[in-house]
Amino acid sequence: MENFYLFVVMCILLILLPGPDTAIATKNTLSVGRTGGFKTMLGTCCALLIHTLAAVAGLSAIIVKSALLFSFFKYAGAAYLVYLGAKTLWALRNKQVTPEISAESRYEGKSCFKQGFLTNLLNPKVAVFFLTFLPQFVDSGSPTLIPFLIMGITYTFLTAIWFFIYIYLLNQIGAFMKRPRTQRVMEAATGTILIGFGIKLALEKAQN
């Protein structure tokens, strides 16, 4: 393995770019609170570890090269993102802001892990990323098992750190973010963004 520090820097820059995972974490932190955000983060990180193992086992290469499998994951992931976005927008219609935590909010808290997990796991672009980005930092002709594991775990760890900071800061400005008007605007924005990410993913082409 070579240029590990460059790999870390590149990972940080890539992680900071907003994507579906950030949108889901934002939505759940705003609607459920810090606990919901952290559960979403945990789901995302678990999915990243599975992507890492898939890359090591060569399963990611099969998904990327198979038009059928790539399309399955692509459309499943896109449909799930659109579903979450539409669900967020629909919930705004009859949402009532009260001091108590509603039964729906408690359920949302339980589903945050699943949302973070499925959003990342069903995104074939993550598999493409692992197969195109990680090999650039492995010595030519060397075994890829240990380097892939190290880089995958490192990327997951850095992702967890970033989301921990992001969710904590988002929750810290809760007094402003929890104003009814602000919450409605933010949830409407994240719902629309999720639908946009879903459409963008559906239009994604498989790698040759």
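Given the structure is predicted, the values throughout are model-derived calculations rather than measurements. (Residues numbered from 1 in each chain as written. Predicted model: local features only at pLDDT ≥ 70, side-chain atom pairs only at ≥ 80, totals over all residues. Heavy atoms only, no water.)

## As for the overall build of the chain
For the record, the criterion: Put simply, DSSP marks the helices as runs of H or I at least four residues long and the strands as runs of E at least two long, and each gets a number from the N terminus on. Only protein chains enter the area calculation, which uses a 1.4 Å probe; residues under 20% of their type maximum are buried, those over 50% are exposed, and those in between are partly exposed. Only heavy atoms enter the contact rule, under which two residues are in contact if any of them lie within 4.5 Å. Computed with a 1.4 Å probe, the accessible areas rest on the Shrake-Rupley method; for each residue, only the protein chains presented here act as cover.
In terms of helices and strands, the chain carries 10 helices and 0 strands. Ordered by position from the N terminus, the helices and strands of the chain form the series α-α-α-α-α-α-α-α-α-α. In the chain, which comprises 208 residues, the share counted as buried stands at 42%. Contacts in the chain between residues far apart in sequence, at least 24 positions, make up 86% of those at least 6 positions apart. In the structure as shown, the chain presents an accessible area of about 11,300 Å², 69% of it carried by carbon and sulfur atoms.

## Some points on the nonpolar core
Put simply, the rule is: Buried residues of nine kinds, namely Ala, Val, Leu, Ile, Met, Phe, Trp, Tyr and Cys, make up a nonpolar core once their side-chain atoms join them within 4.5 Å.
Phe 7, Phe 130, Phe 133, Leu 134, Met 151 and Tyr 155 are the most contacted members of the largest nonpolar core, which has 17 residues in total. Secondary structure elements with two or more residues in this core: helix 1 (4–16), helix 3 (34–57), helix 7 (124–133) and helix 8 (145–172). Once residues lying within four places of it in the same chain are set aside, the contact partners of Phe 130 are Leu 48, His 51, Thr 52, Ala 55, Pro 135, Gly 152 and Tyr 155. Counting residues in each nonpolar core, the second largest holds 9 residues, with Ile 24, Ala 78, Tyr 80 and Leu 122 among its members.

## Re the packing of helix 1 against helix 8
Going by this rule: Convention adopted: a line fitted to C-alpha atoms gives each axis, helices being fitted over their contacting stretch, and angles between N-to-C directions are expressed from 0 to 180 degrees. Throughout, the term roughly parallel applies to angles under 35 degrees, roughly antiparallel to angles over 145, roughly perpendicular to angles from 65 to 115, and oblique to all others. Each crossing gets its hand from how the near helix is turned against the far one by less than a right angle, where anticlockwise is left-handed and clockwise is right-handed. The nonpolar class holds Ala, Val, Leu, Ile, Met, Phe, Trp, Tyr, Cys and Pro. Asp, Glu, Lys and Arg form the charged class, and all remaining residues, Gly among them, are polar.
Viewed as axis vectors pointing N to C, helix 1 and helix 8 meet at an angle of 45°, and their least axial separation amounts to 10 Å. The orientation of helix 1 relative to helix 8 falls into the category oblique. The hand of the helix 1/helix 8 crossing is right-handed. For the pair helix 1 and helix 8, contact is made by Phe 4, Phe 7, Val 8, Cys 11, Ile 12, Ile 15 and Leu 16 and by Ile 150, Met 151, Thr 154, Tyr 155, Leu 158, Thr 159 and Trp 162, respectively. Across the contact of helix 1 with helix 8, the residue classes tally to 12 nonpolar, 2 polar and no charged.

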